[in-house]
Amino acid sequence: MKILYFSPTPYQDIKQRPQHLAEELSKYHELWYVDPTVSGMRCLKADGIHCNAYQYDVNPNLHVLRLNGLLAAHIKLQYYDKFSLNTWFEKQQLKALLASVDVIWLGYEACYRLLYPFRFHTRQHHRPLLVYDKMDDNVSLEQHPSIRKFLLKMRTFLEQDADVIFVTASLFWETLSSKRPNVFLVQNGVGLEDYLLNPLLPSGKKTERAKHYGYIGMMGHWFDHDLIRSFALSFPECNVSLVGPLATERITLPNVHYHGVVPKNQVYHWIEQFDACLYPFKKGPLLDTIDPVKIYEYLLLNKPVIASDSKEMDKYKGLIYTYKSQEEFLQICGKEGLALPFSSEKERTLFFQKNSWEERAGHILDVIEGLAK
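Calculation notes
- Residues numbered from 1 in each chain as written.
- Predicted model: local features only at pLDDT ≥ 70, side-chain atom pairs only at ≥ 80, totals over all residues.
- Heavy atoms only, no water.
- Helix = DSSP H or I, 4+ residues; strand = E, 2+ residues; numbered from the N terminus.
- Rg over C-alpha atoms; globule rule 2.2 N^0.38 Å.
- Buried < 20%, exposed > 50% of the residue type's maximum accessible area, 1.4 Å probe, protein only.
- Contact = heavy atoms within 4.5 Å.
- Areas by Shrake-Rupley, 256 points an atom, 1.4 Å probe, with all protein chains shown as cover.
- Lys, Arg positive; Asp, Glu negative; His and termini not counted.
- Charge placed at Lys NZ, Arg CZ, Asp CG, Glu CD.
- Pairing = 2+ DSSP bridges.
- Axes fitted to C-alpha atoms, helices over the stretch in contact; angles between N-to-C directions.
- Core = buried A, V, L, I, M, F, W, Y, C linked by side-chain atoms within 4.5 Å.
- Arc of directions from axis to C-beta.
- Disulfide = S-S within 2.5 Å.
- Patch = residues over 30% accessible without salt bridge, like charges linked within 9 Å, V, L, I, M, F, W, Y side chains within 5 Å.
- Salt bridge = Lys/Arg side-chain N within 4 Å of Asp/Glu carboxyl O.
- Phe/Tyr/Trp six-rings, centres within 6.5 Å; stacked < 30°, edge-to-face > 60°.

Enquirer: I'm lost on the overall build of the protein in this one. Help?
Expert: Secondary structure summary: the protein contains 14 helices and 14 strands in total. Relative to a compact globule of 373 residues, whose C-alpha radius of gyration would be 21 Å, the protein shows 22 Å and is just as compact. With the C-alpha coordinates of the protein rotated into their principal frame, the extents come out at 65 × 45 × 40 Å. Evaluated residue by residue, the protein yields a buried proportion of 53% over its 373 residues. Of the contacts made within the protein by residues no fewer than 6 positions apart, 69% connect residues no fewer than 24 positions apart. When the accessible surface of the protein is totalled, it reaches about 17,000 Å², and 55% of it is carbon and sulfur. Considering the protein, the positive charge centre built from 43 side chains and the negative charge centre built from 43 side chains are found 4 Å apart.

Enquirer: Any chance you could explain the sheet that holds strand β6 (residues 129–134) here in plain terms?
Expert: Remark on secondary structure: sheet strands pair via backbone hydrogen bonds, oriented parallel or antiparallel. The strand order across the open sheet formed by eight strands is β3-β4-β2-β1-β5-β6-β7-β8, and the pairing between neighbours is mixed. One side of each edge strand has no neighbouring strand; the edge strands of this open sheet are β3 (54–59) and β8 (183–185). Shown here is a sheet whose adjacent strand axes are inclined to one another by a mean of 20 degrees, direction ignored. One ladder, built from three bridges, connects strand β7 (residues 164–167) with β8; its direction is parallel. Bridged to V167 within β8 is L185. Along the sheet, helix α1 (residues 17–25) makes contact with β1 (2–6), β2 (30–34), β4 (62–66), β5 (103–106) and β6, crossing β1 at roughly 175 degrees. Sitting on the sheet, helix α6 (residues 145–161) touches β5, β6 and β7, and the angle it makes with β6 is about 130 degrees.

Enquirer: Where do I start with α1 in this structure?
Expert: Counting along an α-helix, one turn takes 3.6 residues, and residues three or four places apart therefore face a common direction. For α1, the tally of buried residues reaches eight of nine residues, placing the bulk of the element in the interior. Taken as a whole, α1 has its buried residues at R17, P18, Q19, H20, L21, A22, E24 and L25.

Enquirer: Quick question: what am I supposed to make of the nonpolar core here?
Expert: Nonpolar side chains tend toward joint burial in soluble globular proteins. Grouped together as the largest cluster of nonpolar side chains are 59 residues, with contacts concentrated most on Y213, F231, I271, I295, L299, I306 and F329. At five residues, helix α11 (residues 293–300) tops the list of elements feeding residues into this core. Apart from the residues within four sequence positions on either side, F329 is in contact with L227, F231, L278, I306 and Y323. Counting residues in each nonpolar core, the second largest holds 34 residues, with A110, V139, A169 and V183 among its members.

Enquirer: Help me out: how do you make sense of helix α12 (residues 326–333) in this one?
Expert: Regarding α12, the residues found buried are F329, L330, I332 and C333. Mapping the buried residues of α12 onto a view down its axis gives an arc of 160 degrees, with all of them on the same face. In α12, the exposed positions that point more than 90 degrees away from the buried face belong to E327 and Q331. Check the buried side of α12 and you find it contacts β9 (212–216), α9 (225–234), β12 (276–279), β13 (305–308) and β14 (321–323).

Enquirer: Can you help me understand the state of the cysteines in this one?
Expert: Linking two cysteines covalently via their sulfur atoms produces the bond known as a disulfide. Overall, the coordinates contain zero disulfides when judged by the stated rule. No disulfide involves C333; its nearest neighbouring cysteine sulfur is the one of C238, lying 7.9 Å away. Given a relative accessible area of 1%, C333 falls into the buried group.

Enquirer: Can you help me understand a nonpolar patch on the surface in this one?
Expert: Taken together, the side chains of M41, L77 and Y80 define a hydrophobic patch exposed on the protein surface, amounting to about 300 Å² of accessible area. With respect to the helices, strands and loops of the structure, Y80 is situated in the loop between β4 and α3 (88–100). In this structure Y80 comes out as exposed when scored by relative accessible area, which is 54%.

Enquirer: So what exactly am I meant to see when it comes to the packing of aromatic side chains here?
Expert: Applying the stated criterion across every chain yields a total of 17 aromatic pairs. Note on F231 and F235: the rings are 5.2 Å apart at their centroids and 35 degrees apart in plane angle, and the pair reads as tilted. Take F235: its relative accessible area is 11%, and that puts it in the buried class. With 5.0 Å between their ring centres and 85 degrees between their planes, F351 and F352 make a pair best called edge-to-face. Here F351 and F352 have matching classes, each one buried.

Here it is, written out as structure tokens:
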């Protein structure tokens, strides 16, 4: 089986769901991983960025390519291109691959522009299985109005046209499975290589009073800055490390420290330094649609986790602390000692065997191999 895998993130970027699943699927089938196209317009605006095509092999079965984006329009303009004329150059570059693959995998709604409108309105002789991997509510995450409209348009068509939809959040599954068949819940996970490289740390039932709190990940409009500010003022003797890209306001307090983007191989080094790990996202409809990889990473090192309560946190009952209000969050932080998620290596092993990318990919292969017959 030959898979054409359109990803929202470049293969060489921080390793997330797309790269993990691509690697696992390529163990059994040939896979072409398509990095996001960089438009010529973006190259003109940003120094050091080029829109050239490239191609290389990760292993004999896993090929990475990027299309030449010189004539591609910026995503902010895609909504206004009613006849998809600006994607003609990209489609020409994909013509041979599209004619030879058995499965087309879309990990981001905007990628559907490379198939629309021809696939939606016609039924070609060669019609690969179309897979939609719904990882996030990208329409709600996006703030630019024209991009939101474009993503919503592509999502609407894709939800009708896809032969199978994989979702990361139970709320997505509940919504989509009531409207159409072949919707499967496949949540995020952790790499077994990460598990093998990271021993159980620390050991015991509880930590001492936490002094160093930390967060790993992007900080956008969904990040609860007011919560962090309140914590920093309430516990001036404690430090908060925020590791990742910052896309909103910066808190200027002496015990709040920003460290920017760090290489993926340093993520666990940072987590090891934290006495407690945070998942401080704002309350709202968006929160119930997120299955955060960072929770798995925190648990891997057996660190106490304090997370904003949501539908997706239910599966961690007994492993993490959740809060529904700022007051409850501060109350948890004020405890003399926080319980560790796992009290033994056996407990940790069982959890990560059930939540590995290998296990997730096995479920996906069962589905797509069955449908592709």
